[in-house]
Amino acid sequence: FRFYGAAKMIKKDSGLCEDAFFLQENAAGVSDGVGGWSDYGITSSSFSRSLMKNCSSLIMCREKEDARMRKASCDSSMQDSILCGSEDFSYSCRDEQSRAPPVIDPSVILARAYERNPFVGSATALLCVLNGRELACANIGDSKFLLIRFDEKDSPFVVLQSKLQQHVFNTPYQLAKIPSPVEIEYGLQQQLIPPDDIADVLVEYETLEFCKDPPEVAELYQTSIQEGDLLILATDGLFDNVFLDEIMGIIRKTINSRPHNKVAPKEIANAIAAFAYKRSKSHFEKSPFSEELHKNGEMYGMGGKEDDITVLALWIIKPVSYTHLTLPTIYSV
């Protein structure tokens, strides 16, 4: 199977967009840079973008290596081939006819993408890959995926969805690169860190109170898929503002009596993102975020949560289903 998809990103009204995503035929991911770094003059946008770009590059590199190995002759003296300089992606030489397509472990890709990220900051991360007729996903934080199937009446229902990972309310699990003392000193010299925050930065650095989770905390999901399934990936800008039943209602309304596999993924992504943005601007409507506020003792919180919103809508298709389409890799802007 392959993805046939589209993405819609809506930036919050103030500040830089710290969401990032990528999309290609056999993989897709979203990442949400943690905005709290802005208090110290640091943006997580470069961190989240680099994380997604690294994921895409590692997967494409593995595909190229597998294609090369399929063309190579096998003999007993041939040593294991190493992909991109990482021992985690080694291949054993075997007969070309018996070689199965490579199985990509999204948790391994996420870990390597994180190791190669040179930027300071932190971000949540969600990566989904196609392995033949299987979907495999690795999630760290509060971005989510929904795997949706359609019954004989073209009514959607959820087959599988990821769970929220957070330490406490509004503090998701996150990958992070902590600034070094030299980088903190540079921030002070360039006045990138507000004077009132200098003491806080130094105390947090010295006590290591920055939130930093290892890649190993990623929660893994794997399930069989069918042609015509719909996969939604999104950052918390969607799920903090829109309830699951509302998302399903938007999908039903967008399809609007058409065969579901004839609806362009761009229509679905745009409709869901637009609804989420409208809710994020509301001060009166109930939202998942306002409900969580109430559960955590905030009695006056209502309305949505203003945030960057990124939504990917991906149809599961056979490679021959849309042979006229090319699917480029896409990154955040």
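Report follows, based on the coordinates.

About the criteria used
Residues numbered from 1 in each chain as written. Predicted model: local features only at pLDDT ≥ 70, side-chain atom pairs only at ≥ 80, totals over all residues. Heavy atoms only, no water. Helix = DSSP H or I, 4+ residues; strand = E, 2+ residues; numbered from the N terminus. Buried < 20%, exposed > 50% of the residue type's maximum accessible area, 1.4 Å probe, protein only. Contact = heavy atoms within 4.5 Å. Areas by Shrake-Rupley, 256 points an atom, 1.4 Å probe, with all protein chains shown as cover. Core = buried A, V, L, I, M, F, W, Y, C linked by side-chain atoms within 4.5 Å. Salt bridge = Lys/Arg side-chain N within 4 Å of Asp/Glu carboxyl O. Axes fitted to C-alpha atoms, helices over the stretch in contact; angles between N-to-C directions. Parallel < 35°, antiparallel > 145°, perpendicular 65-115°, else oblique. Left-handed = near helix turned anticlockwise from the far one by under 90°. Pairing = 2+ DSSP bridges. Phe/Tyr/Trp six-rings, centres within 6.5 Å; stacked < 30°, edge-to-face > 60°. Lys NZ or Arg CZ within 6 Å of the ring centre and 35° of its normal. Expected span 1.5 Å × (residues − 1). Arc of directions from axis to C-beta.

**Description of the overall build of the chain**
Scanning the chain from N- to C-terminus turns up eight helices and 15 strands. Scored against the burial criterion, the 333 residues of the chain give a buried share of 48%. Taking contacts inside the chain between residues at least 6 apart in sequence as the whole, the part at least 24 apart equals 74%. Of the roughly 16,200 Å² of accessible surface on the chain, a fraction of 52% belongs to carbon and sulfur atoms.

**Re helix α2 (residues 106-115)**
Taking burial as the measure, the 10 residues of α2 include eight buried ones, the bulk of the element. What α2 keeps buried is the set P106, S107, I109, L110, A111, R112, A113 and Y114.

**Comments concerning the nonpolar core**
Counting residues in each nonpolar core, the largest one holds 27 residues, and the members touching the most others are L230, I232, L238, I251, I268, I272 and V311. Counting only elements with at least two residues in this core, the list comes to β1 (2-10), β8 (144-150), β14 (230-234), α5 (236-239), α6 (244-255), α7 (265-280) and β15 (309-317). Among residues more than four places away in sequence, those in contact with L230 are L146, L147, I148, F150, I251, I268, A313, L314 and W315. One finds F22, M52, L58 and A123 within the second-largest nonpolar core, a separate group that totals 23 residues.

**Comments concerning the pattern of salt bridges**
Think of it this way: side chains of opposite charge can pair up when their charged atoms draw near. Applying the stated rule across the entire model yields 13 salt bridges. Close ionic contact of E285 with R279 constitutes a salt bridge, the shortest N to O distance being 3.5 Å. Look at the salt bridges and you will find they share partners, linking D13, K281 and E306 into a network.

**Focus on the packing of α6 against α7**
At a minimum axis distance of 10 Å, the contact between α6 and α7 shows a crossing angle of 135°. It follows that α6 is oblique to α7 by the angle criterion. Viewed along their axes, α6 and α7 form a crossing whose handedness is right-handed. For the pair α6 and α7, the contacting residues are E246, I247, I250, I251 and T254 in the first and E267, I268, A271, I272, F275 and R279 in the second.

**Focus: the sheet that holds strand β9 (residues 156-161)**
One open sheet accounts for five strands, arranged β1-β15-β14-β8-β9; its pairing is antiparallel. Of all the strands in the sheet, just β1 and β9 have a single pairing partner and so form its edges. Adjacent strand axes in the sheet meet at a mean angle of 25° when their direction is disregarded. Bridge count for β8 against β14 is five bridges, and the pairing is antiparallel. Looking across to β14, one finds that L146 is bridged to I232. Running at roughly 135° to β9, α6 makes contact with β8, β9 and β14 of the sheet.

**A short note on the packing of aromatic side chains**
Throughout the structure, instances matching the rule amount to three aromatic pairs. Consider the rings of F150 and W315, whose centres lie 5.8 Å apart with planes at 40°: the pair is tilted. In this pair, F150 sits in strand β8 while W315 sits in strand β15, placing the two residues 165 residues apart along the sequence. The ring of F239 has K144 lying over it, and the distance from NZ or CZ to the ring centre is 5.2 Å.

**A few points about α6**
Taking 1.5 Å as the rise per residue, α6 with 12 residues should run 16 Å; its terminal C-alpha atoms sit 17 Å apart, in good agreement. By the burial criterion, the buried members of α6 are I247, M248, I250, I251, T254 and I255. Looking down the long axis of α6, one finds its buried residues gathered within 155° of arc, a one-sided arrangement. Exposed side of α6, more than 90 degrees from the buried face: D245 and K253 are the residues found there.

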